[in-house]
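If you want the building blocks of each chain, they are given just below.
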Amino acid sequence: MADFLLAHPDDATKLTTDYIGPLSKGFGFAANNGWYNSARPHTMGFDLTAIATAAFIPSSESFTLFIESQYQDLELLSPSDHLVPNVFGPEDIKPRYRVKSNGEEFVGPSGNSLEEEFGFEAILFPMIQLGVGVIPNTDLKVRFLPLTEFEDDLDAKMWGVGILHQLNNYFPSGDELLVDLSLFGGFTRISSEIDVSGTYDGENQIGSQRLNAWTLEGLISYDWSVVTFYGGIGYNQVISDLEVLGTYLVGNQELVDPISSSITYDGLKATLGLRIKLAVFALHGEYTFNDYQLLSVGFGINYN
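Caption draft 1: Representation of the overall build of the chain in the model. On a plain count of helices and strands, the chain comes out with 2 helices and 17 strands. Each of the three principal axes of the chain carries a C-alpha extent, and together these read 75 × 35 × 35 Å. For the chain, long-range pairs separated by at least 24 residues make up 63% of all intrachain contacts whose partners lie at least 6 apart in sequence. Charge-centre separation for the chain: the mean point of 15 positive side chains lies 7 Å from the mean point of 40 negative side chains.

Here it is, written out as structure tokens:
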């Protein structure tokens, strides 16, 4: 992220935000997933589940179109098609820029394509979640990820809280319905840091990001023997606060905490899932249609 600091501060902020954008969206949407495996709350019971979510990055998100009019003092020298790789772009393209006011040139970072290594572009995000029936018709859910190191010295931690409330009792003869209906709301915060030293001299050079992820969904589920079919439809929002912190000796000036930006990603989501419960053990999987498509699987103890 420090590669862009030769540019005008506004331009450096935009370049950095665009470069990191798919990673921010992927983590944020993954954090909004896997909250439930039924629309039926516990009857003073609980579930403890380990969950892993993969957020698949579409190929269209591997590049950002460079539009010169959107920048204060910057032009792109290459590539000629003006498609600049972001964090999930190809590793063999390094864009070249020129600051128009002083003629200085610099090279931006290439991507870190996962497709060449794994065959697909995806972010894998694990977590532990506890759901407890606290009052009639209502579950409280909490989730967390302890400080974990991902690739490229990226450290992240997460916590979240959600509430599931059953709606059947608001309908006449609601307890006789064949399906369970609920409303769910959840909030998750992810904090991450990455070492960005090595490009310029200086101290305490850290890229820091905080993601606040919200989701509000209507749920439906149907129990058939040991199998539960469930689905949800709702709204996602992810607010990304990104900072490049520390001191950077760029040319003849020292930059202090040079980049700070905030951007919001949002949209509708729809989820389809299946749970198999044997005694107190439950295994579930679900697929979510969103800006990014997501696959979540979980295994845990579920006691009603």
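Now that the structure has been shown, we can carry on.
Caption draft 2: The sheet that holds strand S5 (residues 96-99), seen in detail. Taken together, the 3 strands give an open sheet; going across it, the order is S3-S5-S6, and neighbouring strands pair in antiparallel fashion. Two strands lie at the open edges of the sheet, namely strand S3 (74-78) and strand S6 (105-107), each paired on one side alone. The mean inter-strand angle of the sheet, taken between neighbouring strand axes irrespective of direction, is 30°. Bridge count for S5 against S6 is 3 bridges, and the pairing is antiparallel. The partner of Arg 96 across the bridge, within S6, is Val 107.

Caption draft 3: Just unusual backbone geometry, in detail. In the segment running from Ser 78 into Pro 79, the intervening peptide bond is cis, with an omega of 5°. Looking at where Pro 79 falls in the secondary structure, it is placed in the loop between S3 and strand S4 (83-85). Although it is not a glycine, Asp 257 adopts a positive phi angle of roughly 45°. A relative accessible area of 42% means that Asp 257 is categorised as partly exposed.

Definitions and cut-offs
- Residues numbered from 1 in each chain as written.
- Predicted model: local features only at pLDDT ≥ 70, side-chain atom pairs only at ≥ 80, totals over all residues.
- Heavy atoms only, no water.
- Helix = DSSP H or I, 4+ residues; strand = E, 2+ residues; numbered from the N terminus.
- Contact = heavy atoms within 4.5 Å.
- Lys, Arg positive; Asp, Glu negative; His and termini not counted.
- Charge placed at Lys NZ, Arg CZ, Asp CG, Glu CD.
- Pairing = 2+ DSSP bridges.
- Axes fitted to C-alpha atoms, helices over the stretch in contact; angles between N-to-C directions.
- Buried < 20%, exposed > 50% of the residue type's maximum accessible area, 1.4 Å probe, protein only.

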